[in-house]
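One-letter residues, chain by chain:
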Amino acid sequence: MHRKPESGLLPVDTELERTLRSLKKISRAKKATIADERVGQTVEQETTVGRPPMQDTMEDFWRPVIQAAYSTVRQPTVDANNFELKPALITMVQQNQFTGHPTEDPNKHLGRFLRMANTVKLNGVRPKVIKLHLFPFSLRDIAAT
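The rules behind these values
Residues numbered from 1 in each chain as written. Predicted model: local features only at pLDDT ≥ 70, side-chain atom pairs only at ≥ 80, totals over all residues. Heavy atoms only, no water. Helix = DSSP H or I, 4+ residues; strand = E, 2+ residues; numbered from the N terminus. Buried < 20%, exposed > 50% of the residue type's maximum accessible area, 1.4 Å probe, protein only. Areas by Shrake-Rupley, 256 points an atom, 1.4 Å probe, with all protein chains shown as cover. Salt bridge = Lys/Arg side-chain N within 4 Å of Asp/Glu carboxyl O. Arc of directions from axis to C-beta. Contact = heavy atoms within 4.5 Å. pLDDT = per-residue confidence, 0-100. Expected span 1.5 Å × (residues − 1). Polar contact = N/O pair within 3.5 Å; in protein donor to acceptor, adjacent residues only side chain to side chain. Phe/Tyr/Trp six-rings, centres within 6.5 Å; stacked < 30°, edge-to-face > 60°.

Trainee: Looking at this structure, how should I read the overall build of the protein chain?
Mentor: When you go through the protein chain residue by residue, the secondary structure sums to five helices and zero strands. In the protein chain, which comprises 145 residues, the share counted as buried stands at 17%. Carbon and sulfur atoms make up 55% of the accessible area of the protein chain, which totals about 12700 Å².

Written out as structure tokens, the structure reads:
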């Protein structure tokens, strides 16, 4: 019993490793192109003959695009002449830093931070000002950017 060859079959690729390397190269170029486009540069996309263009994955969309490395929170001015965060307080806050790791609970971090920040009172300085000056010391890694 003989079967008819189906017309929808692809030819056998005898150079699998070479094809895989070229597909990886195209994939890396596509990811670099996407990254360049997100920061405002226009780069021509590579397409291969006979293959559909590569689709964006969910991973390409969930990463935030950081265009400027500045904080949107303004530090308030302090009217007190001798306002200074004590090194011991900064060290205590840095011992419980928030890294932004998915397993960390930001609400627990804020609770610990507020407990530590509420232990300090300075004449002529509002508690909010102390917290705003102290908070950057409680962040590191991804959370600090």
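Following the structure, the description resumes.
Trainee: What am I meant to see in the pattern of salt bridges here?
Mentor: Opposite charge on two side chains allows them to pair when their charged atoms are near. Scanning the entire structure with this criterion turns up one salt bridge. Here D141 and R140 are joined by a salt bridge, their closest N and O atoms 3.7 Å apart. Looking at D141, the relative accessible area reads 52%, which means it is exposed. For R140, a relative accessible area of 40% gives the class partly exposed.

Trainee: Help me understand helix α3 (residues 87–94) in this model?
Mentor: Think of an α-helix as 3.6 residues a turn; residues three or four steps apart then line up on the same face. Among the residues of α3, L89, I90 and V93 are the ones counted as buried. The buried residues of α3 occupy an angular sector of 100° when the element is viewed end-on, so they sit on one face. Exposed residues on α3 whose side chains face more than 90 degrees from its buried face are P87 and A88. Of the surrounding elements, those touching the buried residues of α3 are α4 (106–117) and α5 (127–134).

Trainee: Would you mind showing me how to read the confidence of the model for the protein chain here?
Mentor: Should pLDDT be low for a region, the predicted coordinates there are not to be read in detail. A residue-level look at the protein chain finds 73% of positions with pLDDT of 70 or above and a mean pLDDT of 77. By mean pLDDT, the top-scoring element of the protein chain is α4 (91), and the lowest-scoring one is helix α2 (residues 58–62) (72). Counted against residues more than four places away or in other chains, residues 41–49, with its pLDDT under 50, gives 11 contacts.

Trainee: Looking at this structure, I do not really get the environment of L110. What am I missing?
Mentor: Residue position: L110 is located in helix α4. The exposure class of L110 is partly exposed, given its relative accessible area of 38%. Taking the C-alpha atoms as reference points, L110 and F98, separated by 12 residues in sequence, lie 9.0 Å from one another.

Trainee: Just checking my understanding: could you explain α4 for this structure?
Mentor: The first and last C-alpha atoms of α4 sit 16 Å apart over 12 residues, in line with the 16 Å expected at 1.5 Å per residue. Along α4, the residues that are buried comprise H109, F113, M116 and A117. Take α4 and look down its axis: the buried residues cluster within an arc of 95°, on one side only. In α4, the exposed positions that point more than 90 degrees away from the buried face belong to N107, K108 and R115. For α4, the N-terminal cap is D105; the gap from its side-chain oxygen to the backbone nitrogen of N107 is 3.2 Å.

Trainee: Got a minute to help me understand the packing of aromatic side chains in this structure?
Mentor: Applying the stated criterion to the full structure yields one aromatic pair. For the ring pair F113 and F135, a centre distance of 5.1 Å and an interplane angle of 80° mean the geometry is edge-to-face. You can see F113 sitting in helix α4 and its partner F135 sitting in the segment after α5, a full 22 residues away along the chain.

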